[in-house]
Amino acid sequence: MLSKNTLVMVATILVSVVIGFFLGKIKTADDGGVTSDSGAANASADAGQAQQTGGQSGEQSGEQAKGMSATELAKLKSVPETIESPQGDFTLVTVIEGEEQNRFLRSSLQAVTNQRRNLAILTQRFNQMDPKLAQQRELLAGEVNQVRQALEQNLRFMAQNFGYTLANNYLLVPHNATLSSVVGEGDDQLKTVIHTFADSESYKKFQEKTDAYTKLKRDQVMAYRETLTEAEKQQPLPKMPLTDAMKKAGRAMIKQYKCDPERNYVIEFQKAALYFRPSQQ
């Protein structure tokens, strides 16, 4: 069991399934393929595509835990059986191996996140709509039902293939990952691996440095905004020069990881472990 002092830096996936592995300009390999807040229809479409293109990968990952205890799975895959956190212990659900399988899980989690968010927004709009607007309410009710049905379908799929349920909170812990520089976009994109994380501890240290740099930038923006009038706050922020602390932190990351935190990179997981604990009611 990992102690609190050695707890790996992971993405906390609460009931809302927040997938926030990286802050600032460092992004995950599948960021371009997941949906944003652009609408319920897009979220549903992305989730459906993920099932069609990645379903086999998901089934393979889910099979790892079938008929096997957390203790047996942890020993087989050389990962901790449980992880301690201030909220309580998390227990191993499954181990996802391979870039495709990991990308599939994360995109599926993101699709569920978007669907739940869109469902909440649409439901609130429906509840606040004037009852006299019968036709508009009927159309909106149809959208609500469409998103709800797609969400329920994806939740069943996630439960079957990854043991995922909204009754639990989750941690996704990377154990093997690569950091790549990128040039170009789409099919013409060229990726070059610049650093490899061989275990969760090495990834944790990188994440801590990334978070620290992001905090420096966030503090800089907040301090600058405090000097603005309300009207000025509505305007786009100018490009601000790097502080001495940011320059120092940037040089350290370039030296250790060949990674400039002011540029874009891709991180891909080759092995990750999914843990759960029951949600607090």
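Just so it is clear, the model here is predicted, and its values are computed rather than measured.

Colleague: What am I meant to see in the pairing of strand S5 (residues 168-183) here?
Modeller: Every other side chain in a regular strand lies on the same face of the sheet, so the side chains alternate between the two faces. Of all the 16 residues making up S5, 14 are buried; the element is thus mostly covered by neighbouring parts of the structure. Where S5 lies against strand S7 (residues 265-278), 13 bridges are found, and the strand directions are antiparallel. Directly across from Ala177, in S7, lies its bridge partner Phe269. Linking two consecutive strands that pair antiparallel, namely S5 and strand S6 (residues 190-197), is a turn of six residues; a positive phi of about 85° is found at Gly184 within it.

Colleague: Just to check I follow, could you spell out the nonpolar core for this structure?
Modeller: In globular proteins that are soluble, nonpolar side chains generally tend to be buried together. Residues Leu179, Phe206 and Cys259 are the most contacted members of the largest nonpolar core, which totals 34 residues. Listed by contribution, the elements that provide at least two residues to this core are strand S4 (90-97), helix H3 (99-128), helix H4 (134-162), S5, S6, helix H5 (200-225), helix H7 (244-257) and S7. Counting residues per element, this core draws most heavily on H4, which supplies eight residues. For Leu179, the residues in contact, after removing those within four places along its chain, are Thr192, Val193, Ile194, His195, Phe197, Phe206, Tyr257, Cys259, Tyr265, Val266 and Ile267. If you look at the next biggest cluster of nonpolar residues, it comprises twelve residues, including Leu73, Val95, Val173 and Tyr275.

Colleague: I would appreciate a short explanation of helix H2 (residues 70-77) in the present structure.
Modeller: Quick reminder: α-helices carry 3.6 residues per turn. Residues three or four places apart thus point the same way. Turning to H2, its buried residues number three or more, namely Ala70, Leu73, Ala74 and Lys77. Within H2, the buried residues cover an arc of 100° as seen down the axis, which keeps them to one side. Of the exposed residues in H2, the ones pointing more than 90 degrees away from its buried face are Lys75 and Leu76. Considering only its buried residues, H2 is in contact with S4 and S7. Directly beyond the C-terminal end of H2, a positive phi value near 60° is found at Ser78.

Calculation notes
- Residues numbered from 1 in each chain as written.
- Predicted model: local features only at pLDDT ≥ 70, side-chain atom pairs only at ≥ 80, totals over all residues.
- Heavy atoms only, no water.
- Buried < 20%, exposed > 50% of the residue type's maximum accessible area, 1.4 Å probe, protein only.
- Helix = DSSP H or I, 4+ residues; strand = E, 2+ residues; numbered from the N terminus.
- Pairing = 2+ DSSP bridges.
- Core = buried A, V, L, I, M, F, W, Y, C linked by side-chain atoms within 4.5 Å.
- Contact = heavy atoms within 4.5 Å.
- Arc of directions from axis to C-beta.

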